[in-house]
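Breakdown of the fold
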Amino acid sequence: MWPEIQKHWRDGIEILVLAVCIYQIYRAFRATRGAQILVGLGTILVVLTLVSQVFRFEVIWWLITRASAILAFALIVIFQPELRDALARLGSKRIFSFSSRRRLAFLERFADSVIALSKKRIGALFAIQRDISLKKFLETGVVLDAQFSPEMATAVFYPKAPLHDGGMIIADDRVAGAACVFPVTQREMRDRSTGLRHRAAIGLTEETDAVAVVVSEETGGISICVDGRLERNLTEKQFRDRLADIFIAGKSLTEPEDDEELDREDTVTPSRDRDMVSD
Ligand SMILES: Nc1ncnc2c1ncn2[C@@H]1O[C@H](COP(=O)(O)OP(=O)(O)OP(=O)(O)O)[C@@H](O)[C@H]1O
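Within an unreviewed UniProt entry, the label attached to the protein reads Diadenylate cyclase, and the organism entered is Luteolibacter pohnpeiensis. Taken directly from UniProt, the Subunit (unreviewed entry) text for the protein runs: "Probably a homodimer." Within the UniProt record for the protein, the comment given under Sequence similarities (unreviewed entry) is "Belongs to the adenylate cyclase family. DacA/CdaA subfamily."

Here it is in structure tokens:
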């Protein structure tokens with residue numbers, strides 16, 4: 001047993017490293033235009049490799065090995081925009097992410113705005129960008145690049161206002177755009193009353209790592225959606241706590257923080273979720 005472990009421990013580590021790399025590549029590309037191409041090519045390659053190895057198809061095997069260099073080159077060309085985005089993100093991470101103090105101020109403003117909309121029963125859909133760019137959804141709406149404020153949120157979502165239809169995208173603490181169309185989930189809903197606004201929140205967060213917040217026009221209920229999981233009808237406190245949990249690792253949104261702690265927080269990564277970072 002022991003000699004076997006000694007012989008194969010390197011293989012174990014190699015498999016682990018490969019699994020982590022493949023998973024990270026999948027995460028980086030899952031919401032991008034080329035994701036389906038990548039999955040398709042990967043599947044074809046794996047199937048062809050398996051078939052050629054099992055049945056010893058020498059010509060197919062020869063073709064696979066020869067084609068891999070061309071394929072690698074083709075992938076770089078196909079994924080050029082995504083690669084550029086990913087590298088830019090890597091470079092900008094933490095350095096350009098907005099400071100804890102700004103993040104906290106934004107979250108408080110945001111929570112107040114959502115609660116005000118809920119009280120007035122103004123339907124709203126927000127998408128807060130995290131690591132994965134929401135640029136392609138921004139293109140479906142109207143670019144604003146404006147400072148976020150409760151007045152701004154109410155003006156945008158006010159019924160009959162020109163931009164009230166669709167979702168608002170927030171990147172860092174700014175409103176990137178409004179009236180954006182998000183992908184609607186195709187999942188069968190247990191709750192048949194789940195309408196398009198909520199389905200769009202689920203769809204977007206299934207495809208990206210954004211956090212979606214919905215205010216129901218019908219009930220005023222506030223929901224948060226992360227990774228395709230919708231948490232509906234949160235109370236004010238639950239909503240604030242959930243926001244804090246996601247973006248500032250559980251620190252209270254309402255309790256003032258001392259400066260020292262805030263500064264220190266800039267250097268650590270929150271427990272479970274990533275912070276909001278610019279694209
Ligand atoms: N794909 C989409 N992307 C963004 N917003 C959308 C999308 N589809 C619908 N919406 C928004 O949702 C609104 C319709 O919401 P609908 O009543 O169907 O949903 P709901 O989940 O029942 O919400 P509510 O509880 O507010 O009624 C539309 O007016 C539009 O603003």
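Having seen it, we continue.
Turning our eyes to something else, we now look at the site of the ligand. Inspection of the region around the ligand gives 17 residues, with G195, L196, R197, S216 and E217 positioned closest. The greatest single-element share of the shell around the ligand, amounting to 4 residues, is contributed by helix α8 (residues 196–207). Of the residues contributing to the shell around the ligand, the split by class is 6 nonpolar, 7 polar and 4 charged.

Turning our attention to unusual backbone geometry. Even without being a glycine, R121 presents a positive backbone phi close to 55°. By the secondary structure assignment, R121 is in the loop between α5 (100–120) and β1 (124–128). For A179, which is not glycine, the phi dihedral falls at a positive 60°. Position of A179 among the secondary structure elements: in strand β4 (residues 174–180).

Take the pairing of strand β7 (residues 229–234) next. Bridge analysis of strand β6 (residues 222–226) against β7 gives 4 bridges, and the strand direction is antiparallel. In the strand pairing of β7, I222 is matched with L234. In this antiparallel pair of consecutive strands, β6 and β7, the connection spans 2 residues, and D227 shows a positive phi of 50°.

With their axes 11 Å apart at the nearest point, α5 and helix α9 (residues 236–247) run at an angle of 150° to one another. In this view, α5 runs roughly antiparallel relative to α9, as classed from their interaxial angle. When you trace α5 past α9, the crossing you get is right-handed. Each of R103, L107, A111, V114 and I115 in α5 lies in contact with α9, whose residues at this interface are E236, F239, R240, L243 and F247. Of the residues assigned to the contact of α5 with α9, the class counts are 7 nonpolar, no polar and 3 charged.

A few words on α5. For α5, which comprises 21 residues, the first-to-last C-alpha distance of 30 Å matches the rise-based estimate of 30 Å (1.5 Å per residue) to within 8%. Note on α5: the residue one or two positions beyond its end, R121, has a positive phi of about 55°.

Turning to the UniProt feature "transmembrane region" (unreviewed entry) in the protein, a few remarks are in order. UniProt feature "transmembrane region" (unreviewed entry): in the numbering of this structure it lies at residues 36–54 and 60–79. What you have in residues 36–54 is 100% helix and 0% strand, and the ends, taken at the C-alpha atoms, are 27 Å apart. In this annotation, residues 60–79 is assigned 95% helix and 0% strand; the end-to-end C-alpha distance for the span is 26 Å.

Counting 50 residues, the largest nonpolar core has F126, A127, I169, I170 and A212 as its most contacted members. Residue contributions to this core peak at 7 residues, all from α5. Excluding its chain neighbours within four sequence positions, the residues that come into contact with I170 are F126, A127, I128, Q129, F148, V175 and A176.

About the criteria used
- Every residue gets a number counted from 1 within its own chain, in the order that chain's sequence is written.
- For a predicted model such as this one, the threshold for reporting local features is a pLDDT of at least 70, and the threshold for listing and counting side-chain atom pairs is 80 or more; totals across whole chains, interfaces and linings nevertheless cover every residue.
- UniProt positions are given in the numbering used here, feature names are shortened, and annotations may be inferred rather than shown by experiment.
- Working rule for contacts: place C-beta from the backbone, and if it is within 6 Å of a molecule or strand, that residue counts as near it.
- A run of H or I in DSSP counts as a helix once it spans at least four residues, and a run of E counts as a strand once it spans at least two, with each numbered from the N terminus.
- Any residue outside Ala, Val, Leu, Ile, Met, Phe, Trp, Tyr, Cys, Pro, Asp, Glu, Lys and Arg is labelled polar, Gly included; the first ten of those are nonpolar and the last four are charged.
- In this description, strands pair whenever DSSP reports at least two bridges between them.
- Between the N-to-C directions of two axes lies an angle of 0 to 180 degrees, each axis being a line fitted to C-alpha atoms and, for a helix, fitted only over the stretch in contact.
- The labels follow the angle: roughly parallel below 35 degrees, roughly antiparallel above 145, roughly perpendicular from 65 to 115, and oblique for the rest.
- Helix crossings are classified by the rotation of the near helix relative to the far one: an anticlockwise turn of less than a right angle makes the crossing left-handed, while a clockwise turn makes it right-handed.
- Whether two residues are in contact depends on their C-beta atoms, placed from the backbone: they are in contact if these lie within 7 Å.
- What a helix is expected to span follows from its residue count: subtract one and scale by 1.5 Å.
- By definition, a nonpolar core groups buried Ala, Val, Leu, Ile, Met, Phe, Trp, Tyr and Cys residues that are joined through C-beta atoms within 7 Å.
- Exposed residues have 12 or fewer other C-beta atoms within 10 Å of their own C-beta, buried residues have 20 or more, and partly exposed residues fall in between, where C-beta atoms are placed from the backbone.

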